[in-house]
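Below are the chains, spelled out letter by letter.
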Amino acid sequence: SPDDQREAAPPRNQGAEPGGCDPPDVPVPSPPKASICPAAETDSAAPGDANQSASAASDPVQALPPEVFARVLEFLDTRTLLTAVSAVSRSWHAALADIDTVNLDCGFLGPAALLKRLRGRDAGEQVAQALRLGAFRRVTGLEMPGFEYMRDEVLKSLIKQCPQLKRLNLNGCTQLTHDALESIGVGCRQLEFLDFRGCDVTYSSRTFIVPRMPPRLTMDWPHLKEFHLGSKYRRHSTLEWMRDSAIEALAKNCCHLQSASLVRCSTLTNAAVFALVRGCPNLTALDVSWCGRQGVGLDESVKEFITTRGAKVVKLNCTGSCVSNETIDALAEHCPRLVETAFSLDDNSARLVSIAGRCPQLRHVHVDDAGPLTPSEIAVLGECCPDLETCTLESELGMERSHVCR
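Residues numbered from 1 in each chain as written. Predicted model: local features only at pLDDT ≥ 70, side-chain atom pairs only at ≥ 80, totals over all residues. Heavy atoms only, no water.

(A) Examining the overall build of the protein more closely. Assigned secondary structure in the protein consists of 15 helices and 14 strands. Taking all contacts inside the protein whose residues are at least 6 apart in sequence as the whole, residues at least 24 apart take part in 72%. Taken as a whole, the protein presents about 22200 Å² of accessible surface, with 52% of it coming from carbon and sulfur. (Helix = DSSP H or I, 4+ residues; strand = E, 2+ residues; numbered from the N terminus. Contact = heavy atoms within 4.5 Å. Areas by Shrake-Rupley, 256 points an atom, 1.4 Å probe, with all protein chains shown as cover.)

(B) Just a nonpolar patch on the surface, in detail. Residues Leu64, Val68 and Val72 make up a contiguous nonpolar surface patch of about 220 Å² in total accessible area. Residue position: Val72 is located in helix 3 (residues 66–73). In this structure Val72 comes out as partly exposed when scored by relative accessible area, which is 43%. (Patch = residues over 30% accessible without salt bridge, like charges linked within 9 Å, V, L, I, M, F, W, Y side chains within 5 Å. Salt bridge = Lys/Arg side-chain N within 4 Å of Asp/Glu carboxyl O. Buried < 20%, exposed > 50% of the residue type's maximum accessible area, 1.4 Å probe, protein only.)

(C) Main features of the nonpolar core. The biggest cluster of nonpolar side chains holds 96 residues, and the ones touching the most others in it are Ile184, Trp221, Phe227 and Leu276. What Leu276 contacts, discounting residues up to four positions off in sequence, is Ile247, Leu250, Ala251, Leu257, Ala260, Leu262, Leu283, Leu286 and Arg309. (Core = buried A, V, L, I, M, F, W, Y, C linked by side-chain atoms within 4.5 Å.)

(D) Region of the structure containing the state of the cysteines. Throughout the structure, instances matching the rule amount to 0 disulfides. Among the cysteines around Cys265, which has no disulfide bond, Cys291 carries the closest sulfur, lying 4.9 Å off. For Cys265, a relative accessible area of 0% gives the class buried. (Disulfide = S-S within 2.5 Å.)

(E) Highlighting the environment of Glu192. Among the secondary structure elements, Glu192 is positioned in the loop between helix 9 (178–187) and strand 4 (193–197). C-alpha of Glu192 to C-alpha of Cys254: the two residues are 62 residues apart in sequence and 9.8 Å apart in space. Beyond its immediate stretch of four places on either side in the chain, Glu192 contacts Lys166, His223, Leu224, Lys225 and Glu226.

(F) Examining unusual backbone geometry more closely. In this structure, Arg264 takes a positive phi of about 60° despite not being glycine. Locating Arg264 in the fold gives a position in the loop between strand 8 (259–263) and helix 11 (270–279). Although it is not a glycine, Trp290 adopts a positive phi angle of roughly 55°. Turning to its location among the elements, Trp290 is positioned in the loop between strand 9 (285–287) and helix 12 (299–309).

(G) Highlighting the pattern of salt bridges. For the structure shown, the criterion picks out 6 salt bridges. One salt bridge in this structure joins Arg197 and Asp195, with 2.7 Å as the shortest N-O distance.

(H) Spotlight on the packing of aromatic side chains. Taken as a whole and assessed by the stated rule, the structure comprises 2 aromatic pairs. With a centroid separation of 5.1 Å and an interplanar angle of 70°, the aromatic rings of Phe69 and Trp92 are classed as edge-to-face. Residue Phe69 is located in helix 3, and its partner Trp92 is located in helix 5 (residues 90–95); the two are separated by 23 residues in the primary sequence. The buried category is assigned to Phe69, whose relative accessible area is 9%. Lying over the aromatic face of Phe193, Arg167 brings its terminal NZ or CZ to 3.9 Å of the ring centre. It is Arg278 that lies over the ring of Phe274; its NZ or CZ is 4.5 Å from the centre. (Phe/Tyr/Trp six-rings, centres within 6.5 Å; stacked < 30°, edge-to-face > 60°. Lys NZ or Arg CZ within 6 Å of the ring centre and 35° of its normal.)

(I) Quick peek at the packing of helix 11 against helix 12. Packing of helix 11 against helix 12 brings their axes to within 8 Å, and their N-to-C directions diverge by 15°. Classified by the angle between their axes, helix 11 and helix 12 sit roughly parallel to one another. Note that helix 11 runs across helix 12; the crossing there is left-handed. Of the residues in helix 12, those in contact with Asn270, Val273, Phe274, Leu276, Val277 and Arg278 of helix 11 are Asp299, Glu300, Ser301, Glu304, Phe305, Thr308 and Arg309. Per-class residue counts for the contact of helix 11 with helix 12 are 5 nonpolar, 3 polar and 5 charged. (Axes fitted to C-alpha atoms, helices over the stretch in contact; angles between N-to-C directions. Parallel < 35°, antiparallel > 145°, perpendicular 65-115°, else oblique. Left-handed = near helix turned anticlockwise from the far one by under 90°. Nonpolar A, V, L, I, M, F, W, Y, C, P; charged D, E, K, R; others polar.)

(J) Spatial organisation of helix 11. Along helix 11, 7 of the 10 residues are buried, which leaves the element largely enclosed by surrounding structure. Within helix 11, burial applies to Asn270, Ala272, Val273, Phe274, Ala275, Leu276 and Val277.

(K) Layout of the environment of His228. Note that His228 resides in strand 6 (residues 226–230). Residues His228 and Ser261 lie 33 residues apart in sequence; the distance between their C-alpha atoms is 4.5 Å. Apart from the residues lying within four places of it in its own chain, the contact partners of His228 are Phe193, Leu194, Asp195, Phe196, Arg197, Ser259 and Ser261. Within polar-contact distance, the side chain of His228 engages the side chain of Glu226 at 3.3 Å. (Polar contact = N/O pair within 3.5 Å; in protein donor to acceptor, adjacent residues only side chain to side chain.)

(L) Structural context of the confidence of the model for the protein. Mean pLDDT over the protein stands at 75; residues scoring 70 or higher make up 67%. Averaged pLDDT values over the elements of the protein bottom out at 45 in helix 6 (residues 112–117) and peak at 96 in strand 9. Counting interchain partners and residues more than four positions distant, the pLDDT-below-50 stretch residues 31–48 has 7 contacts. Every residue in residues 203–213 scores below 50 in pLDDT, and together they form 15 contacts with partners more than four places removed in sequence or on other chains. (pLDDT = per-residue confidence, 0-100.)

Following this line, the structure appears as structure tokens:
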């Protein structure tokens, strides 16, 4: 019947227009995909989350944990850390404080050309300013060789900013005095390496030298392993303010010392070297070149170092310290593991060949006041010491270098 046909007919679209025509089919939108950014997962996100997502998009490093980003920064050199990383943003500048160990190698600030570009600012003051800004709070190493304009006041400010300092290299900082060395002894108790060569040097070329009273130096570093002091120039310069009492304090307070260099400390006597040998049982490298008062020398103390340490000795430099030939022969007899040596020889190259035959691990040899070597003697040196790299012979008339290849 007509009524049954109307009931069986499918229902019309509820959204039909009054004209009787159905609207076109509208595609149903697919469900939204999961977003990578947590702030886009819900519509009810806080306004702060949107800001964080925007900052993360502009700076992906912020998505890393602070300790991971700090670990990445440890692989960068000092120049990049000081000049580039700290200038990127505040978050990058703050991340420098999370680095566990920082060894600042500031050698790139030393050249004179760069100092001119700094518009007269001292390189040491620039590093001190960077430390005062809180960029680094855990500095364990500071390399500043050749900073000729470094002064005691700047160094003291650096030490205050680096209480955990373990390594300090001031080689060639000619403006520093023994007052700076005293401030290092007071403020750097965890120091393990100290290079103070070329600082507070007296040059004998001056027409008049005012004698100074010996300073009272603390020289107390319980963890010190390497200590380098003296003039970096081999001629016409001395460290006349260093006394035996300071070296005796060093030997008493630094029992873990392994390497000591006291170059051109002209006022030292055998008592200072005796104190080092007897107070530092781990001492295996000693440099006392051009030490000792005129006419006295250090023959007795150097000989005791050779005989008591024996096979543990790896380095000995006693050039110009009035060491006898018998002591040099003892070096060859008791020190078979010798790697580097320098001494004065009375124009007897046969003794040098004899030493090389008993010390097969030699790599560097420097002989003062020695005659020239013949080609056969150089060949013998190469056969006895396969690792020998340089053999330098120096005389008053000139210098002859013989390079022996492996």
